[in-house]
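One-letter residues, chain by chain:
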Amino acid sequence: MIYRLFAFIKFWLSSSNQHGVHSPFVYRFITKCLYSAPHYKTSKSHNILLKTIAYFEIGQVQLVPTNIAVEKEITKHLNGVSFTKNSHELIFIDRLDKETIDEYIVNNNSIANDTVIFVNGLYQTKDTFKLWESIKELKQVKVTMDLFYCGLVFFRREQVEQHFKIRI
């Protein structure tokens with residue numbers, strides 16, 4: 001608990017809003033998705049997940065590990081979303097560990113240019129934050145957004161490598 005409090009203060013002091021972003025892709029995502037309606041009545045990270053799925057019009061979601069509660073929440077708010085064991089659209093990682101990073105990011109051949117990786121609970125512990133930092137260092141990762149409650153990873157080959165901390 002103490003770690004999360006200090007991590008939040010440090011995050012708040014080092015993060016920015018849309019005005020500190022110089023990437024058109026990220027700026028549009030922040031202003032037209034994260035900062036806009038609708039606001040779902042759920043946790044901050046699940047609100048971001050739902051908005052991300054709707055914004056990118058994602059049809060297939062992979063939940064790692066399988067999570068019936070998250071699946072029900074998504075289907076409650078969004079139509080046309082299916083759940084699969086191997087998605088090239090969005091992979092929701094609920095528990096971060098080295099094996100998960102290796103299996104679902106490093107050695108995942110189905111990741112495409114437009115794949116989004118959603119990592120829940122970046123600041124749960126020092127170890128989960130270190131794992132998040134290791135994801136940012138991967139060669140295939142081009143854009144990351146640290147939103148404190150969760151993180152987003154993009155593989156857009158046409159984009160210069162950039163890492164953002166965004167207040168929401």
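Above this text sits the structure in question.
K.L.:
Is there a simple way to explain the packing of aromatic side chains in this structure?
P.N.:
Geometry of an aromatic ring pair is reported as the spacing of the ring centres plus the angle between the planes. The final tally for this structure, using the stated rule, is 15 aromatic pairs. Ring centres of Phe-11 and Tyr-123 lie 6.2 Å apart, and the angle between their planes is 70°; on these two criteria the pair is classed as edge-to-face. Pair noted here: Phe-11 is in helix 1 (residues 2-14) and Tyr-123 is in the loop between strand 4 (116-120) and helix 6 (126-136), with a separation of 112 residues, a long-range link. The exposure class assigned to Phe-11 is buried, which follows from its relative accessible area of 2%. A relative accessible area of 4% places Tyr-123 in the buried class. Chaining the aromatic ring pairs together yields one cluster made of Phe-8, Phe-11, Trp-12, Tyr-123, Phe-129, Phe-148 and Tyr-149.

K.L.:
Help me understand the sheet that holds strand 2 (residues 82-83) in this model?
P.N.:
Sheet strands pair via backbone hydrogen bonds, and the direction of the pair is either parallel or antiparallel. Spatial strand order, 2-1-3-4-6-5-7: 7 strands in an open sheet with mixed pairing. Each of the sheet's edge strands pairs with one partner strand only, and the pair in question is strand 2 and strand 7 (162-165). Direction of pairing for strand 1 (residues 60-64) relative to strand 3 (residues 90-93): parallel, over a ladder of 4 bridges. Looking at the pairing, Val-64 lines up with Ile-93 of strand 3. The sheet strands contacting helix 2 (residues 24-34) are strand 5 (143-146), strand 6 (150-154) and strand 7, and the helix crosses strand 5 at an angle near 35°.

Conventions adopted
Residues numbered from 1 in each chain as written. Predicted model: local features only at pLDDT ≥ 70, side-chain atom pairs only at ≥ 80, totals over all residues. Heavy atoms only, no water. Phe/Tyr/Trp six-rings, centres within 6.5 Å; stacked < 30°, edge-to-face > 60°. Helix = DSSP H or I, 4+ residues; strand = E, 2+ residues; numbered from the N terminus. Buried < 20%, exposed > 50% of the residue type's maximum accessible area, 1.4 Å probe, protein only. Pairing = 2+ DSSP bridges. Contact = heavy atoms within 4.5 Å. Axes fitted to C-alpha atoms, helices over the stretch in contact; angles between N-to-C directions.

Any functional reading would require information beyond the geometric quantities listed.
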